[in-house]
Amino acid sequence: MRGAVIAAACAVLTAGSPVLAAAPLAGSPVRGAEVYGRCEACHALAYDRTGPRHCGVVGRRAGSVPGFAYSRAMQRAKLTWNESALDRFLANPLKTLPGTSMGYAGVPDPQERADLIAYLREAGTSAACR
């Protein structure tokens, strides 16, 4: 009983601790443009390639670019590409969405993912995407 009380007290005291809570990483669009260079083997901002175009990807529903031949897994995904969903998917596409045709292993570094997402968000409003 005493151990449970101590554990509960510790949980209350540390619940709001900034040491235990991971803050979202701030992304740099400039560094993200460099990371995006890896994506360009299959993707482009303004047109489809092996993968769908990325203009407007942040905020778009997964599997929704008109005319692009998505995998059944992507067509059935109930995802909207917000920053959290992009972060999870980009970390490990095959684990996050089994059956996806995106054969890329992912971007394991959290800072690089944050940078890439910042780039995609900013690029979506660029002249290339209008």
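As a reminder, the structure under discussion sits directly above these lines.
(A) Summary view of the state of the cysteines. According to the stated counting rule, one finds 1 disulfide in the structure shown. Here cysteine 55 is linked by a disulfide to cysteine 129, with a sulfur-sulfur distance of 1.9 Å. On the sign convention where negative means left-handed, the S-S torsion of about -80° between cysteine 55 and cysteine 129 marks this disulfide as left-handed. A residue pair is termed long-range when its members are at least 10 positions apart, and cysteine 55 in the loop between α2 (29-39) and α3 (72-76) and cysteine 129 in the segment after α6 (110-123) qualify at 74 residues. Cysteine 55 gets classed as buried once you look at its relative accessible area, which sits at 15%. Among the cysteines around cysteine 39, which has no disulfide bond, cysteine 42 carries the closest sulfur, lying 8.9 Å off. By relative accessible area, cysteine 39 is classed as buried at 16%. On the basis of relative accessibility, which here comes to 34%, the residue cysteine 42 falls in the partly exposed class.

Quick notes on the rules
- Residues numbered from 1 in each chain as written.
- Predicted model: local features only at pLDDT ≥ 70, side-chain atom pairs only at ≥ 80, totals over all residues.
- Heavy atoms only, no water.
- Disulfide = S-S within 2.5 Å.
- Helix = DSSP H or I, 4+ residues; strand = E, 2+ residues; numbered from the N terminus.
- Buried < 20%, exposed > 50% of the residue type's maximum accessible area, 1.4 Å probe, protein only.

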